[in-house]
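# A structural walkthrough
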Amino acid sequence: MTRQTTNISALLVHIFLLLSSSLPSTFGQDCIVCTNIPTKGMLSKNKECTATRVSKGKKCVDSPNWITNGYCQQSCYDAGRGYDDILCCDDDMAKPTAAPVSSPTSS
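Described in the following lines is the structure provided in the data block.

Procedures and definitions
- Residues numbered from 1 in each chain as written.
- Predicted model: local features only at pLDDT ≥ 70, side-chain atom pairs only at ≥ 80, totals over all residues.
- Heavy atoms only, no water.
- Patch = residues over 30% accessible without salt bridge, like charges linked within 9 Å, V, L, I, M, F, W, Y side chains within 5 Å.
- Areas by Shrake-Rupley, 256 points an atom, 1.4 Å probe, with all protein chains shown as cover.
- Salt bridge = Lys/Arg side-chain N within 4 Å of Asp/Glu carboxyl O.
- Lys, Arg positive; Asp, Glu negative; His and termini not counted.
- Charge placed at Lys NZ, Arg CZ, Asp CG, Glu CD.
- Helix = DSSP H or I, 4+ residues; strand = E, 2+ residues; numbered from the N terminus.
- Buried < 20%, exposed > 50% of the residue type's maximum accessible area, 1.4 Å probe, protein only.
- Disulfide = S-S within 2.5 Å.

Let us look at a positive patch on the surface. Together, Lys45, Lys47, Arg53, Lys56 and Lys59 make up a positively charged patch on the protein surface. By secondary structure assignment, the location of Lys59 is in the loop between helix 3 (51-54) and helix 4 (64-69).

As C-alpha cells, this is what we get:
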C-alpha cells in the first residue's frame, strides 16, 4: 500500500465517522425489547396499550409524562410515535440466539 493510498483510506474513515455522527440516533443502535406498560389511568379503566389508542391525542412523544415514564413503548413505536433513542425490536429481531458453548477438551 502506498502512502497516498493510506492517507486516502484514513481520510475516508474520518469522513465516514463525521457523517455517521450526524445520522439519526437509531443508526447502528441495538434494538431493545420494548414494554407496553399502561398509565395508572389506563389501568384503572382496564385499558391496554395499542397502536390505535396511542396514535390518537397527545400521547407518546407529545407527553413529557409519557416520555419520563416510558408508557406504552412498543405501541408508540408501532404507531410511528416512538420515543427518541429507543429502537424497539421486531419479533424476528428479539428472538434470542443460541450462545456458543465450548466443548471440553481432553488432555
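Next comes the rest of the account.
Next up on the list: unusual backbone geometry. Positive phi, close to 55°, is recorded for Asn46, a residue that is not glycine. Here Asn46 is to be found in the loop between helix 2 (40-44) and helix 3. With a relative accessible area of 71%, Asn46 lands in the exposed category. Here the phi dihedral of Cys72 falls at roughly 50°; this positive angle occurs in a residue that is not glycine. As for its position among the elements, Cys72 is in the loop between helix 4 and helix 5 (73-78). The exposure class assigned to Cys72 is buried, which follows from its relative accessible area of 0%.

Here the focus is the pattern of salt bridges. Enumeration over the complete set of coordinates arrives at 1 salt bridge. Note that Arg81 is salt-bridged to Asp62, the shortest N-O span being 2.6 Å. Residue Arg81 is found in the loop between helix 5 and helix 6 (91-94), and its partner Asp62 is found in the loop between helix 3 and helix 4; the two are separated by 19 residues along the sequence. When its relative accessible area of 17% is taken as the criterion, Arg81 is described as buried. Residue class for Asp62 comes out partly exposed when judged on its relative accessible area of 41%.

Next up on the list: the state of the cysteines. Taken as a whole, this structure holds 4 disulfides when the rule is applied. Through a disulfide, Cys31 is tied to Cys89; the S-S separation comes to 1.9 Å. Classification of the bridge connecting Cys31 and Cys89 rests on its S-S torsion, roughly 90°, and on that basis the disulfide is right-handed. Of the two residues, Cys31 is situated in the loop between helix 1 (3-21) and helix 2 and Cys89 in the loop between helix 5 and helix 6; the sequence distance between them amounts to 58 residues. Across the disulfide from Cys60 sits Cys76; the S-S distance is 2.0 Å. Measuring the twist about the S-S bond at about -80°, one finds the Cys60-Cys76 disulfide to be left-handed. Here Cys60, found in the loop between helix 3 and helix 4, pairs with Cys76, found in helix 5; they are 16 residues apart in sequence, far enough to count as distant. We classify Cys60 as buried; its relative accessible area is 0%. What makes Cys76 buried here is its relative accessible area of 0%. Take the cysteines of the chain that form disulfides and number them in order along the sequence; they join up as 1-8, 2-7, 3-5, 4-6.

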